[in-house]
Structure formats: structure tokens, C-alpha cells
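Single-letter residue listing:
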Amino acid sequence: MNQAVENLLQRFGEAITEWTQFSPNELRLTVAASSWQEIAQYLRDEPLWRMDYPADLTVWDTGNEFGVYLRLWSSVYNHNAIVLTSISREQPHIASLTAIYPGVDWHEREMYDMYGVIFEGHPNLKRILLPDDWEGFPFRKDYVAEPSGNPLHGPQPVN
Amino acid sequence: MSVPVSSPTPSTLSTVEILSQGMVINVGPQHPSTHGVLRLILTLDGEQIVACEPVIGYLHRGLEKMMERRPYRHNIPFTDRLDYLAALSNNLAICQCTERLGGVEVPERAQYIRVLLMELQRIASHLVFLGTFGTDLGATTMFLYAFREREMVLDLLEECTGARLTYNWVRVGGVPDDLPEGFGQKVQDFVKIFRQRIGEYDMLLTRNRIFRSRTQGIGVLPKETALAYGCSGPVARASGIAYDIRKVAPYEVYDRVEFDVPVLESGDVWARYLVRMEELRQSLRIIEQVLQDMPEGPCRPNCPRYSSLQLVSLTRVWKARVAS
């Protein structure tokens, strides 16, 4: 994995702000949001990486910014990689990875649904779990979960 | 997965255009009392489905949001309800997260108990697959066979945890209580019986020509597609991906027991069936080793009930209450 990491750092330079290797086959990278898509493409296609399996993609809210988390696995080398980045809460935009990993389609939709993060280039970015007319993004820490804000529509149960 | 459905006014369309548009059919959503509520928007060309957009979320309960407001340990019963066939695995997932966050040590015996119960649960889960799958293909007898054995597993789990499906039997730092007296012997008896019963399943299904012709070469999922879509579990392993989290990133005592991960290349329904059948046998292997190696000792949580970790979340709940 060492040679692969070296190449990666050389190729992207300052776009990778931090990296930690936990074990011989486990790596965590913190990257700049502007290189998000480019790095994912590199990790999938580079012969020394071949990260061809998107295991997970999620978002969290620190209160100041959104963190984006991508977990990859290589079926060729049995390596794990965690790629992290952060985006601002005011302009939550990040490139979509659906063209590289079709499997993250629904993950990105869910994160849009819950956090309002806009994945640019996603072919079908709309709510997936909540009703289409839901207001607000529930997993944001400043979300007010008052039932009056989002009354449930549809037939009410009859006693 | 999106379907472009344009709807120009009929007067502007020629006959050829109308015919080439395809027909859109809506399937579902079914009533919430069915197991999984799913709506499908299908586009047909004649009798062929050319596009399908699944619409989900009808049973979404916002568990994550509910969990945000509670101390970590209060969330364990919620995880029972994530999957009615894998309550223990989900219990374990949330407890492991909390243990890792707080650096909590789990007693060795508790780790063995966790693996033992989870493998029993895997058998029960695969038996539901086996029974209902057989029924769906017209082999109704299989249902009775599979559910007879599943009942044996559920009896064992009930004796230990007190529940048949929602076990709630993992705690942060251990398990709530030791195994009941004589439990090991009962599990050993079950393993002995069940190993023979798998042979009966083979006679009923695996060697059945009708069953084979209905599964072999059907629903092929190529390896590249399975990888790109991040498929996991038996689906991935039947498409040639050697991905088993118990081997890739072993937890509890999975690195101390010997077992094989069945991986097949053909990616069809038949392969997915065979992978699950082999996993039944491998689970029996794991159970036998765990029973043999299980050390004596404590198994209940050894960490303080209100660790700093829990206090943090308790404070947060208290704050939320004051604020509201």
C-alpha cells in the first residue's frame, strides 16, 4: 500500500490535507471538497488502488459545517479507505459520485433528504424517504422537530 | 434509476411516437401490514419492462432522530426493530459503536456469547429465506421443514433472551446475563439434529430438477455490477466477491474461529441459494467451536453504569428538556 499512498500524495498534493494509516490495509484521507470527484475517480481507476466497491457514503452535521464520509473497499487488494471532506452549511454543494459508483445513488439522495446537501450532477436528486412536500432537513442540528411544522397528510385512523 | 416520463399533449403526437413511448404502470405501494412496502413505477414496451423506478420510504420511522435525544443505552431496543430477522446483529452494531467511542472493554465470555447467539440467529434468518423461497417456487413442503427447525432455534434464543424476535440482548460492555444452565448442551443437541436436516433440504431442493431449472441461470448479477452497486452479503458472494465483514474486519471472536466463506462465480439465483446453504453449515462449525472454546468468567458489563460517555448524552437530553 505504501507505493500507492506515495503516488496518491504526489498526484494530488495539497488537495489531501491529512492522511492516517491505521493498519497495513486501512487508510483514512481528509481531502478538499473541490477534489472530491477527482480523487474518487483516481482511487477507482488507478491500478495500485482499484477501489471498486463503494461500501458507504454518509454526512454528518458538526454545527459549523457538514462532513462527508465515503468508505471504499478494493476487491483486488482487500484494502479499505475512508475519504473525508467538509463543506459549508450555507453552501452545501459537493460533486456527485454516481457516475463513478452507481451504488451511491440512493445514499446521496438520502443525504439530500436528511441534510439538504446538494450533490451536483446527480441524475435524480429528490427526496427518497420523506414525503415530497416535507419541509426542512431533519438531521440538521438546528432542525425544529415540532409536529405542527410537518403535519402528516393522508387518511387518519378511524376509532 | 430515474425514468424520464415526458407527457406532451396527445394532439401533438403521431401514432408512431405514442407507440414508442411505452406504457407506464404503477405497482403498489402495498398496505403497511405487509412486510416491506414498496412502490414500483414500471415502463413497459409490450410485455417487457424497460425501466423501473423503485419508490421507498413508506415505513420510514425516523429512528435516527429519535435516537439523537436519548442516552446511548436507551437506543438498543430501537435497533431490534430495524430487521425482524437480525435483531441481535443490530443490537451489537450500536453497542460496538458506543464501546469504541468510550474505549469499553468487553469480557471475553461475553464476546463468545454474542457470536454464539448471532450465529444461531443467522441460521434462523436463513431458514426463513429457505422456507419462503421454496414456497414462492411452488415447493410448499420446504416451508414446513424450514420453519420446524427455525422454531427450534427460536426456542433456544427465547430461553436465553426471553423474546422470540426482539431480543434486546446486547449491552454496552457485555451481555445482560450469562447463558441459562444447560444451554450449551441444548445447542449441541440442536447442531447434531440440524446437520442431518440440512441433508434433507438437499434432497428436497438442491437435487430437485424442477427447482434447479427454475433457479439456474436466472437473475444473473455480474460481478462488475455487484461491485459498482456495493452489494453485500450472500448476494455479493454469489457474484464472486469475497467480501465478508467477519473476515475483512473481524469483530468479537471471529478471528479466533475457523470457518470458510463460500464464494461462487455464476451470480444467479441458484448461486445465491447455494451460498446460503453453505453458510448454514459454516454457522454450525462456528457454533461448535464457540461452545468448545468459551471461557468461564464474567460476561456482564464491567464499565460504570454512568460513564462519562453516557453523562455527555444525558446532559444533552437534560438540556433539550430544559430548552423545550
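Data block above holds the structure.
Computed from a predicted model, the values in this text were never measured in an experiment.

Explanation requested: the interface of chain B and chain A in the structure shown.
In this assembly, 21 residues from chain B lie in contact with 28 residues from chain A. Buried surface at the junction of chain B and chain A, both sides included, amounts to about 2,000 Å², of which 59% is carbon and sulfur. The tally of links between chain B and chain A comes to two salt bridges. Among the salt bridges present, the one from E53 of chain B reaches K126 of chain A, with a minimum N-O distance of 3.1 Å. Across the contact surface, chain B and chain A share five residue pairs in polar contact (both at pLDDT 80 or more). Counting residues per element, the ones that place at least two in the side of chain B that touches chain A are β3 (48-55), α2 (63-68) and α9 (223-228) of chain B.

So what exactly am I meant to see when it comes to helix α12 (residues 269-293) of chain B here?
Turn by turn, an α-helix covers 3.6 residues, leaving residues three or four places apart pointing in a common direction. For α12 of chain B, with 25 residues, the first-to-last C-alpha span of 36 Å sits near the 36 Å given by 1.5 Å per residue. Most of α12 of chain B sits out of view: 18 of its 25 residues are buried.

Is there a simple way to think about the environment of I87 of chain A in this case?
Residue and element names in this part refer to chain A. Here I87 shows up in strand β5 (residues 80-88). Of the residues examined, I87 reaches a relative accessible area of 6% and is grouped as buried. The spatial distance from the C-alpha of I87 to the C-alpha of A32 is 8.9 Å, given a sequence separation of 55 residues. Leave out the neighbours within four places in its chain, and I87 touches A33, E65, F66, V68, P92, H93, I94 and V117.

What is the right way to look at the sheet that holds strand β1 (residues 16-23) of chain A in this model?
Neighbouring strands of a sheet are bound in pairs by backbone hydrogen bonds; such pairs are parallel or else antiparallel. All names here are of chain A. On the basis of which strands lie adjacent, the open sheet formed by five strands has the order β1-β2-β5-β4-β3 and mixed pairing. Because the sheet does not close on itself, it has two edges, and the strands there are β1 and β3 (53-61). Here the strands of the sheet are splayed against their neighbours by 15° on average, with no regard to which way each runs. Summarising the sheet, β1 and strand β2 (residues 26-31) pair through six bridges and their orientation is antiparallel. Looking across to β2, one finds that Q21 is bridged to L27. Sheet strands in contact with helix α1 (residues 2-12) are β1 and β2, and its direction is about 175° off that of β1. Packing of helix α2 (residues 36-45) onto the sheet brings it into contact with β1, β2, β3, β4 (65-73) and β5, and relative to β5 it is tilted by some 170°.

Reading the values: the criteria
Residues numbered from 1 in each chain as written. Chains lettered and ligands numbered in written order. Predicted model: local features only at pLDDT ≥ 70, side-chain atom pairs only at ≥ 80, totals over all residues. Heavy atoms only, no water. Contact = heavy atoms within 4.5 Å. Buried area = accessible area lost by both parts, 1.4 Å probe. Salt bridge = Lys/Arg side-chain N within 4 Å of Asp/Glu carboxyl O. Polar contact = N/O pair within 3.5 Å; in protein donor to acceptor, adjacent residues only side chain to side chain. Helix = DSSP H or I, 4+ residues; strand = E, 2+ residues; numbered from the N terminus. Expected span 1.5 Å × (residues − 1). Buried < 20%, exposed > 50% of the residue type's maximum accessible area, 1.4 Å probe, protein only. Pairing = 2+ DSSP bridges. Axes fitted to C-alpha atoms, helices over the stretch in contact; angles between N-to-C directions.

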